Amino acid sequence: MTSRRLLDKLWDAHEILRRDDGTSLLWVDRHLVHEGSHHAFAKIADRGVPVAEPGLTFGVADHYAPTRGGPATDAIARMIATLASNADKHGITCFGLDDPRQGIVHVIGPEQGLTLPGLLINCGDSHTSTHGAFGALAFGIGATEVAHVLATQTVWQKKPKAMRINVTGRLGPGVGAKDLALAWIAKLGADGARGHAIEYTGSAVRSLSMEGRMTLCNLSIEGGGRFGMIAPDEITFAYVKGRPFAPNDTDWDRAIDLWSSLPSDADAEFETSVSLDASEIAPIVTWGTTPEDALPVTATVPDPARMQGSAAERARNALDYMGLAPGRKLTDIAVDQVFIGSCTNARIEDLRSAAAVLAGRRAKVPGIVSPGSRQVKVQAEAEGLDRIFVDAGLEWVGSGCSMCVAMNGDHVEAGKRCASTTNRNFRGRQGRGARTHLMSPAMVAAAAVTGHLTDVRELLKEREVA
Amino acid sequence: MTGWCTHTGLAVALDRENVDTDQLIPARFMSTPRSEGYGDFLLHDMRKKSDGTPIPDFPINAVPDASIVISRRNFGSGSSREAAVYALVDFGIRVVIAPSFGDIFASNSVNNGLLPARVSEAEVDAAIAKLVDGAQEVTVDLTDKTIRLGNTTIEFTLDDVWQQKLINGWDDIDLTQKHKRAIAASRAQHVQRMPWAIPVQQTNFRSARRDTVSQ
Ligand code: SF4
């Protein structure tokens, strides 16, 4: 038998049929919907078809969820109410604003045990790649596809090529999954993994916690990869065990057997392979308007005059938007505010790493900390992390997408500069004219403490000396 | 969705890389029902000042009846928001020509009759050079995958499945419903292999044996 990759095993297990043209019809195990799915519900209503599998469909209010008080506008309130009424109408379990399980869709899926190794997971959100961290086939889809999954519990998809990103060695202190992700995106470009499913392998990936793995897979789409995945192992199983929707005792051993057969065969070949040495990765920040505009925090703002053709033009535009001059040290860039949140970096471990930097220190700039879910919020409060944030002068708010996408009213004012744990530094992403610098939670905490972009390793060193 | 084979219209150059989905439609417009039309939101923050007045020399403002956009690499990168495609389509755009597209954007486009035509970087350079003096008429032929701009003809790349879908205006839900039996059989087999594929908290659901019954 020819050797198979994780991608092949997951694909084969879900393929119902393949058309002559090579497109597969795949069975969908979990379909996650949110307020933004209203177009898709309208489409099936137009056709008069029901939701095929309400028991496999789960809703959550996150994109428009208020983080302070009630919904900011009537239009926002309507978005949340529309989700609730669609869920109700079709008999879908929905984690609404009053549900203790509410949170960002890519945080609560794993948290509730809805996300499991070997499953196919779809959601109308490009960061669905997050769930691939469990060894699942997870990918974001558009509204027409969401309507299709609602109506049939299947999705048409052409199998992507397989790409391996192998990370050897170990990440240094103060360097995490976010830095690793930004490092490969900077190296390969924002479209470096286009048309591919990425499998992350190597010792540096293996030693990441599930939280770190989710951050890494989450950012796959920022490098153009619709799918990101990591083979399941003991760390995965330990995370999943006992979660509300995870296999119960009767099924557990069988599940472990099946999940243990998922990793790529040792001699499997990939269409594209890339290798990185984790020990060479420094804490990274972005300077421009796409996640590929990323550099080690020790570097300087790049000079378009040294670039060629359209790249130079693009860099010039990006620096103009960001209000930055070439040659300036990145650590000299002052920020106006910080944001810790989003499905990329608002899990408990992310909050812990930010709190470790902020403990006993004051933030020089304002900012908000939005936990990825209600459960993360409860746990953080039990650990006293909320006190650390509040004592540092930051605001501790409710969970939701918040300033990641600026749909719920939380946003960055035009011309203001925000150090952010989110995933996109696109123009206007955090609000019209907002200037976003992406970085890890620890790096955002460091920027809050000093008021400018900062190498968190310096602050960690101070701690050791003290 | 209706199919189409050829399209002739005015082409404008959007001479930028990475025109992402947040630029194509800022998030704050996305709570609007589609019936109200999304055309006005297209590239909103790039083509309008903060008081809402249009920036006259922005390409699609200068040529409001353009139906073809030529842009640079990684067009439509970012979010899965299909609203980015609605904004283009409702504005009147039928074809986007670029060296590469975001994967999800490209499939969303095809689902809405919008052609994402891939050509080489060099061909984009040449096409954009031809448009510096203003918009030009361009003809796009889906059947032989060609673009005619003045006296040059260039070939574009498009997945064969997508080509058929655009030409025929196929609707996937109709196609899929023909496979109902295969889906039901495959579902039963899948659930047998991994019973936890039906979440265990749904105990009533499982004991009701719906897990082995076709839909
Ligand atoms: S936090 Fe941001 S990226 Fe994540 S699901 Fe919400 S909007 Fe999407």
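This is a predicted model, so every value here is computed, not measured.

1. Topic: the overall build of chain B
A count of helices and strands for chain B gives 10 helices and 7 strands. For 215 residues, the compact-globule estimate of 2.2 N^0.38 gives 17 Å, and the C-alpha radius of gyration of chain B, at 21 Å, exceeds that figure by more than 25%. Reported as C-alpha extents along the three principal axes, the dimensions of chain B are approximately 70 × 45 × 30 Å. In chain B, which comprises 215 residues, the share counted as buried stands at 59%. Taking contacts inside chain B between residues at least 6 apart in sequence as the whole, the part at least 24 apart equals 64%. In the form shown here, chain B has an accessible surface area of approximately 9000 Å², with 48% of it arising from carbon and sulfur atoms.

2. Quick word on the pairing of strand β8 (residues 154-158) of chain A
All names here are of chain A. For β8, a buried count of 4 out of 5 residues is recorded, marking the element as mostly surrounded by other parts of the structure. With 5 bridges connecting them, strand β2 (residues 23-27) and β8 associate as antiparallel partners. Its bridge partner lying in β8, Ser24 is registered against Gln157.

3. Quick word on the sheet that holds strand β11 (residues 227-229) of chain A
All names here are of chain A. Pairing is parallel across the open sheet formed by 4 strands, whose spatial order is β11-β10-β9-β12. In this open sheet, the two strands that pair with only one neighbour each are β11 and β12 (272-277). For this sheet, the mean angle separating the axes of adjacent strands, direction not counted, is 20°. In the sheet, strand β10 (residues 196-201) pairs with β11 via 3 bridges, with the strands oriented parallel. The residue bridging Ile198 from the neighbouring strand is Gly228, located in β11. Lying on the sheet, helix α1 (residues 6-14) is in contact with β9 (161-168), β10 and β11; it crosses β11 at an angle near 115°.

4. Looking at the side chain of Lys178 of chain A
Residue and element names in this part refer to chain A. Structurally, the position occupied by Lys178 is in helix α6 (residues 177-188). Among buried charged residues, Lys178 stands out as having no salt bridge; its nearest opposite-charge side chain is Asp350, 8.0 Å away. Engagement of the side chain of Lys178 in a polar contact is seen with the backbone oxygen of Thr422, the distance being 3.0 Å. In this view, Lys178 contacts Thr215, Leu219, Thr344, Asn345, Ser420, Thr421, Thr422, Met439 and Ser440; residues no more than four positions away in its chain are not counted.

5. Points about the packing of α6 of chain A against helix α8 (residues 210-218) of chain A
Residues and elements named next belong to chain A. Contact geometry for α6 and α8: axes closest at 8 Å, N-to-C directions at 25°. Between α6 and α8, the angle is such that the two are roughly parallel. Seen along the crossing, α6 lies across α8 with a hand that is right-handed. The residues of α8 that touch α6, namely those facing Ala177, Lys178, Leu180, Ala181 and Trp184, are Gly212, Thr215 and Leu216. Its residues placed into classes, the contact of α6 with α8 shows 5 nonpolar, 2 polar and 1 charged.

6. Remarks on the domain arrangement of chain A
All names here are of chain A. We note that the domain assignment places domain 1 (6-273) and domain 2 (283-465) within chain A. On a C-alpha basis, the centres of domain 1 and domain 2 stand 25 Å from each other. Put simply, domain 1 and domain 2 have 3 salt bridges between them. The interface formed by domain 1 and domain 2 includes 25 residue pairs in polar contact (both at pLDDT 80 or more).

7. A closer look at the site of the ligand
Residues and elements named next belong to chain A. Close contacts around the ligand come from His63, Ile104, His106, Asp125, His127, Ser342, Cys343, Cys401, Cys404, Val405, Asn423 and Arg429, and that covers them all. For the shell around the ligand, a count of residues per class yields 5 nonpolar, 5 polar and 2 charged. When residues are assigned to domains, the shell around the ligand turns out to be shared by domain 1 (6-273) and domain 2 (283-465), each giving three or more.

8. Description of the packing of aromatic side chains
Residues and elements named next belong to chain B. The full count for this structure, using the stated rule, is 15 aromatic pairs over all chains. With a centroid separation of 5.9 Å and 90° between ring planes, the pair formed by Tyr38 and Tyr86 is classed as edge-to-face. With Tyr38 in the loop between α1 (21-24) and α2 (44-47) and Tyr86 in helix α4 (residues 83-91), this pair connects stretches of sequence that are 48 residues apart. Judged by its relative accessible area of 1%, Tyr86 falls in the buried class. Consider the rings of Phe75 and Phe105, whose centres lie 5.5 Å apart with planes at 65°: the pair is edge-to-face. On the criterion of sequence distance, the pair formed by Phe75 in the loop between β2 (68-71) and α4 and Phe105 in helix α5 (residues 103-110) is long-range, its members being 30 residues apart. With respect to burial, Phe75 and Phe105 carry one shared label: buried.

9. Description of the nonpolar core
With 179 residues, the main nonpolar core has Trp259 and Phe389 of chain A together with Phe75 of chain B as its most contacted residues. Counting residues per element, this core draws most heavily on helix α15 (residues 441-450) of chain A, which supplies 8 residues. With residues near it in sequence (within four places) discarded, Phe75 of chain B still touches Leu14, Val19, Leu24, Leu88, Val96, Ala98, Ser100, Phe101, Gly102 and Phe105 of chain B. Listed in part, the 25 residues of the second largest apolar core include Val110, Leu142, Ile147 and Phe156 of chain B.

Definitions and limits used
- Residues numbered from 1 in each chain as written.
- Chains lettered and ligands numbered in written order.
- Predicted model: local features only at pLDDT ≥ 70, side-chain atom pairs only at ≥ 80, totals over all residues.
- Heavy atoms only, no water.
- Helix = DSSP H or I, 4+ residues; strand = E, 2+ residues; numbered from the N terminus.
- Rg over C-alpha atoms; globule rule 2.2 N^0.38 Å.
- Buried < 20%, exposed > 50% of the residue type's maximum accessible area, 1.4 Å probe, protein only.
- Contact = heavy atoms within 4.5 Å.
- Areas by Shrake-Rupley, 256 points an atom, 1.4 Å probe, with all protein chains shown as cover.
- Pairing = 2+ DSSP bridges.
- Axes fitted to C-alpha atoms, helices over the stretch in contact; angles between N-to-C directions.
- Lys, Arg positive; Asp, Glu negative; His and termini not counted.
- Salt bridge = Lys/Arg side-chain N within 4 Å of Asp/Glu carboxyl O.
- Polar contact = N/O pair within 3.5 Å; in protein donor to acceptor, adjacent residues only side chain to side chain.
- Parallel < 35°, antiparallel > 145°, perpendicular 65-115°, else oblique.
- Left-handed = near helix turned anticlockwise from the far one by under 90°.
- Nonpolar A, V, L, I, M, F, W, Y, C, P; charged D, E, K, R; others polar.
- Domains from an automatic or database assignment.
- Near = heavy atom within 4 Å.
- Phe/Tyr/Trp six-rings, centres within 6.5 Å; stacked < 30°, edge-to-face > 60°.
- Core = buried A, V, L, I, M, F, W, Y, C linked by side-chain atoms within 4.5 Å.

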